[in-house]
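# Reading the structure
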Amino acid sequence: MAQTVDELRNEIREAVGRYERVESTAFTKEALAAICTAVGYDIDTNNLSSKPQMRAGILWKIGELNDDDPEQADRPFRKAELEAIAAALQNE
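About the criteria used
Residues numbered from 1 in each chain as written. Predicted model: local features only at pLDDT ≥ 70, side-chain atom pairs only at ≥ 80, totals over all residues. Heavy atoms only, no water. Axes fitted to C-alpha atoms, helices over the stretch in contact; angles between N-to-C directions. Helix = DSSP H or I, 4+ residues; strand = E, 2+ residues; numbered from the N terminus. Parallel < 35°, antiparallel > 145°, perpendicular 65-115°, else oblique. Left-handed = near helix turned anticlockwise from the far one by under 90°. Contact = heavy atoms within 4.5 Å. Nonpolar A, V, L, I, M, F, W, Y, C, P; charged D, E, K, R; others polar. pLDDT = per-residue confidence, 0-100. Expected span 1.5 Å × (residues − 1). Buried < 20%, exposed > 50% of the residue type's maximum accessible area, 1.4 Å probe, protein only. Salt bridge = Lys/Arg side-chain N within 4 Å of Asp/Glu carboxyl O.

### Examining the packing of helix H1 (residues 5-15) against helix H4 (residues 79-91)
Closest axis-to-axis distance for the H1/H4 pair is 9 Å, and the angle between their directions is 30°. With respect to H4, the axis of H1 lies roughly parallel. As for how H1 packs across H4, the hand of that crossing is left-handed. Residues Val5, Leu8, Arg9, Glu11, Ile12 and Ala15 of H1 form the contact with H4, whose own contacting residues are Lys79, Leu82, Glu83, Ile85, Ala86, Leu89 and Gln90. Grouping the constituent residues of the contact of H1 with H4 by class yields eight nonpolar, one polar and four charged.

As structure tokens, this is what we get:
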């Protein structure tokens with residue numbers, strides 16, 4: 001059976017050392033920063049980038065985007081993107 005978006009988000013959270021969430025929520029800046037670190041996208045952890053910048057960087061590092069342009073990731077991850085992120089984290 002295919003995973004839901006919430007299940008994929010929680011799988012990704014757990015893969016990067018964050019906690020599972022009961023309610024359905026998009027990733028926090030802190031969770032995005034943890035994913036950035038896991039996929040090798042350099043960010044300043046003392047002054048976190050914008051969510052679109054971090055989402056773009058994650059997608060760029062896993063090969064879903066050609067660069068880390070935040071205008072290409074100005075909305076929460078879609079299901080196919082979450083599946084690609086989860087697969088990339090499993091291969092790490």
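Once the structure has been displayed, the description carries forward.
### Section: the confidence of the model for the protein chain
Scored by pLDDT, the protein chain comes out at a mean of 92, with 99% of its residues at no less than 70. Across the protein chain, helix H3 (residues 51-61) holds the top mean pLDDT of 97, while H1 sits lowest at 92.

### Re H4
Over its 13 residues, H4 extends 19 Å from the first C-alpha to the last, a length consistent with the 18 Å expected when each residue adds 1.5 Å. Along H4, the residues that are buried comprise Glu81, Leu82, Ala84, Ile85, Ala86, Ala88 and Leu89. Against the buried residues of H4 lie H1, helix H2 (29-39) and H3.

### Quick look at the pattern of salt bridges
Scanning the model with the defined rule gives two salt bridges in all. Among the salt bridges present, the one from Arg9 reaches Asp6, with a minimum N-O distance of 3.3 Å. With a gap of three residues between them, Arg9 and Asp6 both fall in helix H1, about one helical turn apart. When its relative accessible area of 33% is taken as the criterion, Asp6 is described as partly exposed. For Arg75, the salt bridge identified is with Glu81, shortest N-O distance 2.9 Å. A residue is classified by how much of its surface remains accessible, and Glu81, at 13% relative accessible area, is buried.

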